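Okay, here's what each chain looks like letter by letter:
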Amino acid sequence: AATWGDTSGGGTAPPPLPRGRGSPPRANAAPQCPLERPHVILLWTAHPFFSVVRKYLSPCRETSHFPCMTVNFWTHFIPQMLILSKFCRLFFLSGRDLPFHHPGLLPLWCYASGVLLTFAMSCTAHVFSCLSLRLRAVFFYLDYASISYYGFGSTVAYYYYLLPGLSLLDARVMTPYVQQRLGWHVDCTGLIAAYRALVLPVAFVLAVACTVACCKSRTDWCAYPFALRTFVFIMPLSMACPIMLESLLFDLRGENPTLFVHFYRRYFWLVVAAFFNVSKIPERIQPGLFDIIGHSHQLFHIFTFLSIYDQVYYVEEGLRQFLQEPPAAPTFSGTVGYMLLLVVCLGLVIRRFLKNSEFCSKK
Ligand SMILES: [Zn+2]
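Residues numbered from 1 in each chain as written. Predicted model: local features only at pLDDT ≥ 70, side-chain atom pairs only at ≥ 80, totals over all residues.

Caption draft 1: Focus on the overall build of the protein. Secondary structure summary: the protein contains 13 helices and 0 strands in total. Taken over 363 residues, the protein has a buried fraction of 40%. Residue pairs in contact within the protein that sit at least 24 positions apart in sequence constitute 76% of those at least 6 positions apart. (Helix = DSSP H or I, 4+ residues; strand = E, 2+ residues; numbered from the N terminus. Buried ≥ 20, exposed ≤ 12 C-beta atoms within 10 Å, placed from the backbone. Contact = placed C-beta atoms within 7 Å.)

Caption draft 2: Spatial organisation of the UniProt feature "transmembrane region" (unreviewed entry) in the protein. Residues given the UniProt feature "transmembrane region" (unreviewed entry) here are residues 71–92, 104–128, 140–161, 193–214, 226–245 and 335–354. From the first C-alpha to the last, residues 140–161 spans 32 Å; its make-up is 100% helix and 0% strand. With 100% helix and 0% strand, residues 335–354 has end C-alpha atoms that lie 29 Å from one another. (UniProt positions renumbered as here; feature names shortened; annotations may be inferred.)

Caption draft 3: Spatial organisation of the UniProt feature "binding site: Zn(2+)" (unreviewed entry) in the protein. According to UniProt, the feature "binding site: Zn(2+)" (unreviewed entry) maps to His126, His297 and His301 in the numbering used here. In summary, the annotated positions, though distributed over 176 residues, converge in three dimensions, the widest C-alpha pair being only 11.7 Å. On the secondary structure map, His126 appears in helix 4 (residues 106–128). Residue His126 is classed as buried on the basis of its 32 C-beta neighbours within 10 Å. Tracing the chain through its elements places His301 in helix 12 (residues 296–324). For His301, a count of 32 C-beta atoms within 10 Å gives the class buried.

Caption draft 4: Inspection of helix 7 (residues 189–216) at higher detail. The end-to-end C-alpha distance of helix 7, which contains 28 residues, comes to 40 Å, matching closely the 40 Å that a straight helix rising 1.5 Å per residue would cover. All buried positions along helix 7 are accounted for by Ala203, Ala207, Cys210, Thr211, Cys214 and Cys215. (Expected span 1.5 Å × (residues − 1).)

Caption draft 5: Representation of the confidence of the model for the protein. On average, the protein scores 78 in pLDDT, and the residues at 70 or more come to 77%. The least confident element of the protein is helix 1 (residues 38–45), whose mean pLDDT is 36; the most confident is helix 13 (residues 333–356), at 92. Low pLDDT, under 50, characterises residues 2–47; the predicted model gives this stretch 96 contacts beyond four residues in sequence or across chains. Per-residue pLDDT stays below 50 along residues 359–363; that stretch engages in 14 contacts with residues further than four places along the chain or on separate chains. (pLDDT = per-residue confidence, 0-100.)

Caption draft 6: Representation of the packing of helix 5 (residues 133–162) against helix 12 within the structure. Where helix 5 meets helix 12, the closest approach of the two axes is 8 Å, and the angle between their N-to-C directions is 35°. Read as a crossing pair, helix 5 and helix 12 show a hand that is left-handed. Residue-level contacts link Ser154, Ala157, Tyr160, Tyr161 and Leu162 of helix 5 to Gln311, Val315, Gly318, Leu319 and Phe322 of helix 12. Looking at the contact of helix 5 with helix 12 residue by residue, the classes come out as 7 nonpolar, 3 polar and no charged. (Axes fitted to C-alpha atoms, helices over the stretch in contact; angles between N-to-C directions. Left-handed = near helix turned anticlockwise from the far one by under 90°. Nonpolar A, V, L, I, M, F, W, Y, C, P; charged D, E, K, R; others polar.)

Caption draft 7: Focus on the packing of helix 11 (residues 257–279) against helix 12. Two numbers describe how helix 11 lies on helix 12: the axes approach to 8 Å, and their chain directions differ by 165°. Judged by the angle between their axes, helix 11 and helix 12 are roughly antiparallel. Where helix 11 crosses over helix 12, the handedness of that crossing is left-handed. On the side of helix 11, the interface is formed by Thr258, Leu259, His262, Phe263, Arg265, Arg266, Trp269, Leu270, Val272, Ala273, Phe276 and Asn277, while helix 12 contributes Ser296, Leu299, Phe300, Phe303, Thr304, Leu306, Ser307, Asp310, Gln311, Tyr313, Tyr314 and Glu317. (Parallel < 35°, antiparallel > 145°, perpendicular 65-115°, else oblique.)

And the structure:
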């Protein structure tokens, strides 16, 4: 996430325009960065490391935000490379006798595209969004769209690899369980079938709705944009609640320890990431000290990466179990088709917001 609640030193704030050259202030001037402290910034930008990277990395290299943006970039670029190598191993070097285009791997392609797109969009936004307010708005919207796309890709992977293995979604287990625990004589078959039929369509609508809400949070109607965006970011994760319920009602820890450990650790990292994103700690406690390294946005990057890394682990474990006895082969339309349709819908949402944007919101 690049433009996530990033108003100040987080790196995507547009640079202040040059002053004192006799030119009248522009009407659409970029907002001044409240964390701008020339002495600190000059010290850092003078370092040879930055002068080398500056030369090649960012078109915004003349701005005082450059060092902070550089760290923001690397805190998502390095994770992206690590996860890319992980997916390459999964698709091409797994040692299984499966070609990369096998239908069983289609949900993994959807998931991988979501993860990699999110990181790529974050990196791109941190490099280019400082150029102008319009570009910043464009990247802001693209960033949210990519997060929604990733959320839906995760749900596709869960749907095929993880949910079929849960006792919670097995009518043969649940019907006697409900009868025994609650005394209800209910046949769970219909209920579970309805849930399964609704998972992907509901996740799809959620993905579009979350993008709309985040884009709208840039306008003035929203008093707490960061809290709203964090909430919206967490909402699609609720699609994983059957796994949580499974761990509460059944012995998930004993039956699938990999899923149990990585699943809960992932949510722990997410809570930590959300904490830094909303609280703006540590720069709120010690203004100026973390303008360049240790900024809350960089911590947010690192903890979101850790959460995704854990997720990749348990999705991989789910894939392994799925391939042992696949319940039904995923179809192209039920996986990649959905993702393509989502891309079209998100594109339409962004186009609409870009048409109506005024590009002068500081949110
Ligand atoms: Zn970011």
